[in-house]
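# Analysis of the macromolecular model
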Amino acid sequence: MSQPLATTIKLMVLLCGLFASFSLLAHGVDEGTKQFLTLNQGVSILPFIYIGAKHMVTGYDHLLFLVGVVFFLYRTKDVLLYVSLFTIGHSITLLAGVYYDIQVNAYLIDAIIGFSIIYKGFDNLGGFQRVFGFQPNTKVAVMIFGLFHGFGLATKIQEFQLPQDGLVPNILAFNIGVEIGQFLALGLVLILISLWRRHKSYLQFSTVTNTLLMSAGVMLVGFQLTGYFIN
C-alpha cells in the first residue's frame, strides 16, 4: 500500500472516531452555560461574549468550512475578503434569526452546514471544472453558506428562549464573541497552514486533505440527518 493511501486511511479512521464523539454534543452546551442562559435576566455583555467565543472555538463544523475557504488563499487581502464575506453572512442570520424568532430545524441547518464543508472540499479539488465544466462564484458561495452558518448559531440561542429584556445587547455581544472566537481559531489555523506551506508535502497532500475535508462533511450530514429522522 502506498504511503499517501495509508495515511489517508489512518486519518479517515481518526476522523470517524472524532466525529462520532463530537456528534453527541452537536446540539448541546455545557451545564454551566445552559444554567446561565436559562436563568439570565437583563443585559449580560461579557458572559454572552464569552459564550459566543467559546461556541465558535469549539464549533468544529464552522472551523472545517473556514479551513476549506483559506486552504488555497495565499494573500492576506484574499483571506480577509473571504472571511469578511462569511462573517457578514452569518452575522445577518444570527441576529435576524434570534431577534425575529425565525424558527429553523437545527438538524437540517447543521446538515446544510455539513454540506458546505463537502462543497468547499470539492471546490478546492477542482471538481466543478472537471465534473460539470464550470466554476461557481466562490465569493457568493462563501457568503451564502455564511447565512446558513448564522442560522446554525441562531438555533443554539433560540433553544433557551431568552427574555426580551436585554435581548438585542445580548445577541450583539454573542455575535462579537463569535467573531473573537473565529479570529482566534482562524489565526491558529493560518499559522499552522503557513508553517505547512514551507514543506513540499503541503501540495503533495492537498488532495488527501480536501478529500478528508469532504469526508468529514459527509459524516456531519449523515449524523445530522440521522438525528433529524430519529427525533
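As the structure is a prediction and not an experimental result, all values here were calculated from the model.

Once that is clear, we can look at the packing of aromatic side chains. The tally for this structure, following the rule as stated, stands at 17 aromatic pairs. Measuring from ring centre to ring centre gives 6.1 Å for Phe128 and Phe132, while their planes differ by 35°; the resulting arrangement is tilted. With a gap of 4 residues between them, Phe128 and Phe132 both fall in helix H7 (residues 127-132), about one helical turn apart. Residue classification places Phe132 among the exposed residues on the basis of a relative accessible area of 52%. Grouping aromatic residues by their ring pairs yields a cluster made of Phe65, Phe86, Phe115, Tyr119, Phe122, Phe128, Phe132, Phe134 and Phe145. Its guanidinium or amino end placed over the ring of Tyr74, Arg197 lies 4.3 Å from that ring's centre, counting from NZ or CZ.

Helix H9 (residues 167-196) packs onto helix H5 (residues 76-99) with a crossing angle of 155° between their chain directions and a minimal axis gap of 11 Å. In terms of their interaxial angle, H5 and H9 are classed as roughly antiparallel. As H5 runs across H9, the sense of the crossing is right-handed. Every residue of H9 that contacts H5 at Val79, Val83, Phe86, Thr87, His90, Ser91, Leu94, Leu95, Val98 and Tyr99 is listed here: Leu167, Val168, Ile171, Leu172, Phe174, Asn175, Val178, Glu179, Gln182, Leu186 and Leu190. Taken together, the residues that form the contact of H5 with H9 break down as 15 nonpolar, 5 polar and 1 charged.

About the thresholds
Residues numbered from 1 in each chain as written. Predicted model: local features only at pLDDT ≥ 70, side-chain atom pairs only at ≥ 80, totals over all residues. Heavy atoms only, no water. Phe/Tyr/Trp six-rings, centres within 6.5 Å; stacked < 30°, edge-to-face > 60°. Helix = DSSP H or I, 4+ residues; strand = E, 2+ residues; numbered from the N terminus. Buried < 20%, exposed > 50% of the residue type's maximum accessible area, 1.4 Å probe, protein only. Lys NZ or Arg CZ within 6 Å of the ring centre and 35° of its normal. Axes fitted to C-alpha atoms, helices over the stretch in contact; angles between N-to-C directions. Parallel < 35°, antiparallel > 145°, perpendicular 65-115°, else oblique. Left-handed = near helix turned anticlockwise from the far one by under 90°. Contact = heavy atoms within 4.5 Å. Nonpolar A, V, L, I, M, F, W, Y, C, P; charged D, E, K, R; others polar.

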